[in-house]
Amino acid sequence: MKITVIGTGYVGLVTGACLAEMGNHVVCLDLDPVKIAVLQGGGIPIHEPGLLEIVKRNASAGRLQFTTDIAHSVGHGTLQFIAVGTPPDEDGSADLTYVLAAARNIGRLMTDYKVVIDKSTVPVGTADRVKAAIKEELASRDMTLDFSVVSNPEFLKEGAAVADFTRPDRIVVGAEDERASLMMRALYSPFVRNRDRLLVMDVRSAEFTKYAANAMLATRISFMNELSRLAERLGADIEHVRVGIGSDPRIGTHFLYAGAGFGGSCFPKDVKALAHMSAEAGVPSLMMAAVESVNEAQKQILAHKVVQAYGESLQGKTFAVWGLSFKPNTDDMREAPSRVLIAELVRRGGMVRAYDPVALSEAQRALVLDLGPAALSAQVCFCESSMSALDGAHALCIVTEWKEFRTPDFSEIAGKLADKRVFDGRNLYEPELMQSFGLEYQSIGRG
């Protein structure tokens, strides 16, 4: 098939590359010439395990191309994926400016049948607005052409997106006509050969499914984080509680880990957007408001523990911070809990020695916005290894659960930390083990 993917961000690039891997001819459009230059030069603008190899392989084979030429991209693909950003507006609603601009470009330049596929996470009813935008552009040209608008939300986890796309647990397609449904089935047939995981439904239900899924997962995280605070007060261990409730098959084990709060490009934005949709529909969501409130409070938990240990002023204290990205296996710093922690440490006069296996460059870009260039330069040092981050540090704060942090040399940690204190925002270690190395260990929800 000939496919166009509009947008080469996280979703668009993974979608385009994985579809090209199955033999399709894919053109990826982006209006950012710097990003396209990187892609045409054999690089990728994001960190995602396994993606670079797929991009290089398919670009070399001629199945994957990158362009800033809108007319070329519209003319190429019968299937037009819209995978542009939908950033939150001030009121929490999803900003559809880029989605509708892409739709208008398709309507302005199309000359034959197109299936326009909303891959971006968009509010319920967006397909209707996309359809109207295309119709308006066609009418302005005095043209009548057939086209279909389909909802095909993504369910990709950053750090495992290639596996999620190529071995999906479900593919949701919202379509109103048989022609578009059949084309979507043909497109995804290589990915569901051993078991049909493609779920066809009406467009509005497909749009809603994406928000419902992310909101459910975010709710589980905030629920466990709220329980962790209570467990700490009552002298219970939230890790034991997690295992106890997770063994119930009605609950399951996923997304039950208490920690320092969730971040990233999806959960925070989608919780806000669902709350906004609920309010607009006259069904205010008390639960989404609670999920967001709990998460914002949880992002302060490590800083709160540090202040409890050291007092209101952190002048003269240096803190090593392990893990900056919002989760492992990505360099994404959007809404990362590390940003909240570092901002608070710096605000109180502390020095920070920060390390992350892949997110150092992105972290510098994000933190200069949070702190300003002067404070970043004066109070934050970016280190090349986890152990070098401990040099001169009084205490260690762990924010992201990268694998390399799971079994470090605890003797070396104890030897380097002046105050022998570890604040663990991901419950990576057993308290008894840390105590055996002479480390004062504070984690989440372990009274």
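Each remark here, short or long, concerns the structure printed above.
Presented here is an overview of the structure given in this document.

Analysis parameters
Residues numbered from 1 in each chain as written. Predicted model: local features only at pLDDT ≥ 70, side-chain atom pairs only at ≥ 80, totals over all residues. Heavy atoms only, no water. Patch = residues over 30% accessible without salt bridge, like charges linked within 9 Å, V, L, I, M, F, W, Y side chains within 5 Å. Areas by Shrake-Rupley, 256 points an atom, 1.4 Å probe, with all protein chains shown as cover. Salt bridge = Lys/Arg side-chain N within 4 Å of Asp/Glu carboxyl O. Lys, Arg positive; Asp, Glu negative; His and termini not counted. Charge placed at Lys NZ, Arg CZ, Asp CG, Glu CD. Helix = DSSP H or I, 4+ residues; strand = E, 2+ residues; numbered from the N terminus. Phe/Tyr/Trp six-rings, centres within 6.5 Å; stacked < 30°, edge-to-face > 60°. Buried < 20%, exposed > 50% of the residue type's maximum accessible area, 1.4 Å probe, protein only. Lys NZ or Arg CZ within 6 Å of the ring centre and 35° of its normal.

1. Details of a negative patch on the surface
(1) Moving on: A surface patch of like charges, here negative, comprises D89, E90, D91 and E280.
(2) Moving on: Relative to the helices and strands, E90 is located in the loop between strand 4 (79–82) and helix 5 (97–109).

2. Description of the packing of aromatic side chains
(1) Moving on: Inspection of every chain in the model, using the stated rule, returns 11 aromatic pairs.
(2) Moving on: Plain terms: the ring middles of F165 and F191 are 5.4 Å apart, the flat faces sit at 90° to each other, and that makes the pair edge-to-face. Of this pair, F165 sits in helix 7 (residues 161–166) while F191 sits in the loop between helix 8 (178–188) and strand 8 (198–201), and the two are 26 residues apart along the sequence. With respect to class, F165 is no different from F191; both count as buried.
(3) Moving on: Consider the rings of F410 and F437, whose centres lie 5.5 Å apart with planes at 40°: the pair is tilted. In this pair, F410 is assigned in helix 17 (residues 410–416) and F437 in the loop between helix 18 (431–436) and strand 14 (440–442), connecting sequence segments 27 residues apart.
(4) Moving on: On the accessibility criterion, F410 (8% relative accessible area) is buried.
(5) Moving on: An aromatic cluster of three or more residues is present, and its members are F410, Y429, F437 and Y441.
(6) Moving on: The ring of Y310 carries R421 above its face, with NZ or CZ at 4.6 Å from the centroid.

3. Looking at the side chain of R421
(1) Moving on: The topology assignment puts R421 in strand 13 (residues 421–424).
(2) Moving on: You can call R421 buried: its relative accessible area is 17%.

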